[in-house]
Amino acid sequence: QVQLVESGGGLVQAGGSLRLSCSASGSISSINRMVWYRQAPGKQRELVALITSGGNTNYADSVKGRFTISRDNAKDTVYLQMNSLKPEDTAVYYCNVAAISDYKMNYYWGQGTQVTVSS
């Protein structure tokens, strides 16, 4: 019964910043990897950033140096700080969480939040 709630998307001019949040709730024992994906119109869904349970991170080359993924384990929340946004960052952003619930590992998706970067 894990639910993910995303927030923080919106419209921003190129060069601006947004901070996305994804909070998990429900019968959660622990959370493993937390991941941000994005899907732009006409493109496949792509991994943007990943953070492990230990706090190690990976980023797509296209966002490295501009985006920062972080997590608050006490809140079961993952964040994506997006700076120096470009029009090509325009996409629906989805969080994905690997979590233990009822002693079983499962993967959960947020419903997506729209990020639009204007030039």
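Here's what I pulled together on the structure shown here. As the structure is a prediction and not an experimental result, all values here were calculated from the model.

A few points about the packing of aromatic side chains
Part 1 of the reasoning: What the rule picks out here adds up to two aromatic pairs.
Part 2 of the reasoning: Taking 5.1 Å as the distance between ring centres and 50° as the angle between the ring planes, the aromatic pair formed by Tyr-37 and Trp-109 counts as tilted. Residue Tyr-37 is found in strand S4 (residues 30-39), and its partner Trp-109 is found in strand S10 (residues 104-109); the two are separated by 72 residues along the sequence.
Part 3 of the reasoning: For Tyr-37, a relative accessible area of 21% corresponds to the partly exposed category.
Part 4 of the reasoning: Taken together, a centroid distance of 6.4 Å and an interplanar angle of 85° make the contact between Tyr-94 and Trp-109 edge-to-face. With Tyr-94 in strand S9 (residues 91-101) and Trp-109 in strand S10, this residue pair connects regions lying 15 residues apart in the sequence.

Section: the nonpolar core
Part 1 of the reasoning: Of all hydrophobic cores here, the largest spans 31 residues; its most connected members are Trp-36, Leu-80, Met-82 and Tyr-93.
Part 2 of the reasoning: At the level of elements, strand S3 (18-25), S4, strand S5 (46-51), strand S7 (67-72), strand S8 (77-82), S9 and strand S11 (113-118) are the ones that each hand at least two residues to this core.
Part 3 of the reasoning: For this core, the leading source of residues is S9, giving five residues.

A few points about the sheet that holds S7
Part 1 of the reasoning: A sheet is described by the order of its strands in space; here four strands give the open sequence S1-S3-S8-S7, paired in antiparallel fashion. On the outer flanks of this sheet lie strand S1 (3-7) and S7, each paired with one strand and no other. Strand-to-strand twist in this sheet, taken as the mean axis angle between neighbours without regard to direction, amounts to 15°.

Overview of the pattern of salt bridges
Oppositely charged side chains can form a pair if their charged atoms are brought close together.
Part 1 of the reasoning: Under the defined criterion, the tally for this structure stands at two salt bridges.
Part 2 of the reasoning: Asp-89 is the salt-bridge partner of Arg-38, the closest N and O atoms lying 2.9 Å from each other. Placement of the pair is Arg-38 in strand S4 and Asp-89 in the loop between S8 and S9, with a sequence separation of 51 residues.
Part 3 of the reasoning: Here the salt bridges do not stand alone but share partners, grouping Arg-38, Arg-66 and Asp-89 into one network.

As for the pairing of S3
Part 1 of the reasoning: Judged from the five bridges that link them, S1 and S3 form a sheet pairing that is antiparallel. Its bridge partner lying in S3, Gln-3 is registered against Ser-25.
Part 2 of the reasoning: Note: S3 against S8, six bridges, orientation antiparallel. Paired with Cys-22 across the strands is Val-78, a residue of S8.

Structural notes on the pairing of S7
Part 1 of the reasoning: Taking every second residue as pointing to the same face, the buried face of S7 carries Phe-67, Ile-69 and Arg-71, while none of Thr-68, Ser-70 and Asp-72 on the other face is buried.
Part 2 of the reasoning: The sheet contact formed by S7 and S8 spans six bridges and is antiparallel. Looking at the pairing, Thr-68 lines up with Gln-81 of S8.
Part 3 of the reasoning: What sits between S7 and S8 in their antiparallel hairpin is a turn of four residues, with Asp-76 showing a positive phi close to 50°.

Here is what the cut-offs are and how they apply
- Residues numbered from 1 in each chain as written.
- Predicted model: local features only at pLDDT ≥ 70, side-chain atom pairs only at ≥ 80, totals over all residues.
- Heavy atoms only, no water.
- Phe/Tyr/Trp six-rings, centres within 6.5 Å; stacked < 30°, edge-to-face > 60°.
- Helix = DSSP H or I, 4+ residues; strand = E, 2+ residues; numbered from the N terminus.
- Buried < 20%, exposed > 50% of the residue type's maximum accessible area, 1.4 Å probe, protein only.
- Core = buried A, V, L, I, M, F, W, Y, C linked by side-chain atoms within 4.5 Å.
- Pairing = 2+ DSSP bridges.
- Axes fitted to C-alpha atoms, helices over the stretch in contact; angles between N-to-C directions.
- Salt bridge = Lys/Arg side-chain N within 4 Å of Asp/Glu carboxyl O.

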